[in-house]
Amino acid sequence: MPAPQDAVHGLYRDHRGWLDGWLRRKVGNACDAADLVQDTFVRVLRHRAELAKVREPRAYLTTIAKRLVLNHYRRSSLEQAYQEALAAMPEPLAPSPEQQLLILEILHDIDSALHTLPARARQAFLLAQLEHLPYNDIALRLQVSVRTVQRYIVQGYEQCLLATA
Amino acid sequence: MPTRDSVASGEARLNRNVAREAARWLMRLGSEQATSADIRACDQWRADNPEHERAWQRAQALSRAFELIPAEVGMATLDRPVSRSRRTALKTLAALLAVSPVAWSTWNAPPVVRWRADYRTAAGERREVMLTDGSRVSLNTATALDETWSNAEHKLWLREGEIYVQASPEFYPSLHVATPQGTIYADASAHFAVRLNAQQCLVSVAAGNVQVLPAQTETRGARLSAAQQAAFDAHTVYPWQPADLQGPDWLRGTLHADAMRLDTFAAELARYRPGIVRCDPAVADLRISGTFQLNNTDGVLQALPALLPVQVNYRTSYWITLGPASGQT
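All figures in this text were calculated on a predicted structure; none of them were measured in a lab.

Colleague: An account of the overall build of chain B is needed here, citing residue identities and associated values.
Modeller: In terms of helices and strands, chain B carries nine helices and 19 strands. Classification of the 329 residues of chain B by burial places 46% in the buried group. In chain B, of all internal contacts separated by at least 6 residues, the share reaching a separation of at least 24 is 47%. Entry remark: accessible area of chain B is about 15,800 Å², with carbon and sulfur atoms responsible for 52%.

Colleague: I'd love a proper account of the sheet that holds strand β19 (residues 319-324) of chain B, names of residues and values included.
Modeller: Residue and element names in this part refer to chain B. With respect to topology, three strands assemble into an open sheet ordered β16-β19-β18, the strand pairing being mixed. A single partner strand is all that each edge strand has here, and the edge strands are β16 (276-279) and β18 (310-316). Averaged over all pairs of adjacent strands, the angle between their axes in this sheet comes to 20°, without regard to strand direction. Of the pairings in the sheet, the one linking β16 to β19 comprises four bridges and is parallel in character. Residue pairing for β19: Arg278 is matched across the bridge by Thr321. Sheet contacts for helix α9 (residues 297-307): β16, β18 and β19; angle to β18, the most-contacted strand, approximately 135°.

Colleague: Describe the sheet that holds strand β10 (residues 201-207) of chain B, with residues and values.
Modeller: Residue and element names in this part refer to chain B. Strand order across the open sheet formed by seven strands is β2-β3-β6-β9-β10-β13-β14, with antiparallel pairing between neighbours. Each edge of the open sheet carries a strand with a single partner, namely β2 (127-130) and β14 (241-242). With two bridges joining them, strand β13 (residues 228-232) and β14 adopt antiparallel strand pairing. By the bridge assignment, Gln228 is partnered in β14 with Pro242.

Conventions and cut-offs
Residues numbered from 1 in each chain as written. Chains lettered and ligands numbered in written order. Predicted model: local features only at pLDDT ≥ 70, side-chain atom pairs only at ≥ 80, totals over all residues. Heavy atoms only, no water. Helix = DSSP H or I, 4+ residues; strand = E, 2+ residues; numbered from the N terminus. Buried < 20%, exposed > 50% of the residue type's maximum accessible area, 1.4 Å probe, protein only. Contact = heavy atoms within 4.5 Å. Areas by Shrake-Rupley, 256 points an atom, 1.4 Å probe, with all protein chains shown as cover. Pairing = 2+ DSSP bridges. Axes fitted to C-alpha atoms, helices over the stretch in contact; angles between N-to-C directions.

Laid out in structure tokens, this is it:
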């Protein structure tokens, strides 16, 4: 049984090129593919203890890579919306560069936590948290009952509290 | 806010029940109607168990995080219009269609050929796969399917055969299925079947909504809702018909025939086995009804002479002809 470090090295040597080709085919963009290859191996390295159990290295790599692809696109759509929102803000109000990064991380955590919710539930929760709207107003705005809004709020909190993955 | 990598942070995930209880308290205390009795009851809940208090502290961190988000940014980012990506995709597609031979050749030069497809089944095989975004896809017999992603879309390319998709809203607001005849845009959580035939594609929706856009049309295509199915080719979506809310029969391993023509029946059966099942024109008009097990097509063929005036001729086990029973013309 090779040491985990060697196993990562072997995996990298034998499959890096293949994974790069696979990702290019999947995302149609060489730059994104190259980044995603690196991210995949960073993830492999961080969890190298798992490698001993891996029987099919390529299937293992693509499983990781697929998840990263989706996160990558989700994050880039968030960043794009964030840049647009910042650009629309009057300059004196715009956060400093450090704050901007911190806010982006927060947005990304919340975005990841809430993405499994139906759009309406997410909206209800966000209107309560961000705009501090009373449940009645949210119900009117979304054309649902107050009870439904309450259920949505509970769902939103639950997803945020559980989010760690 | 917890970090994204629980392994790195070392902080254990909260128990789901504890998270739900905490969420209920937070919702109650956030309401206009919250009373001081509610607050005391919540304090008691926190004191009951260290895990309750941990959930509470996490919620406090969450509300501090929310406070840091500028008003102009919050809804604009976290509630960004998810349909934008779909509209963009539709627009892109429309642009491609303006020069439709290009759209067509993109399809005909797929990066992947069938034996290399991401997911595939042999004749007679069926299987279900779970995609990374949580969508489930069942592949019927002799099916080849590829999966690609881009900024705007998550796309399945149906190269051959038939699939049943249970879309999941995770990551992408919609899921697209590309076929040689056009593209199907499925809403998050739509359930639908797509079957490729020689010239046409058949879509049947069991839940949710889908938009069908033929490859060579300048219209917006057609929208189908639960319990509707429609065939389409590269130019037209044909009028819809009622569809089964349970999804197609093959999901349950059966072939259901209701006064089905025998030649159609033979063609259906042939999909589930290697080789050829031919139907003599002399018996093609006969009608057959019943529910047949797809796992045992040999048994179904053997049983046919008991149901209809036909005989089954085996030239080889891969070449089978249904003809008139002897003594008939």
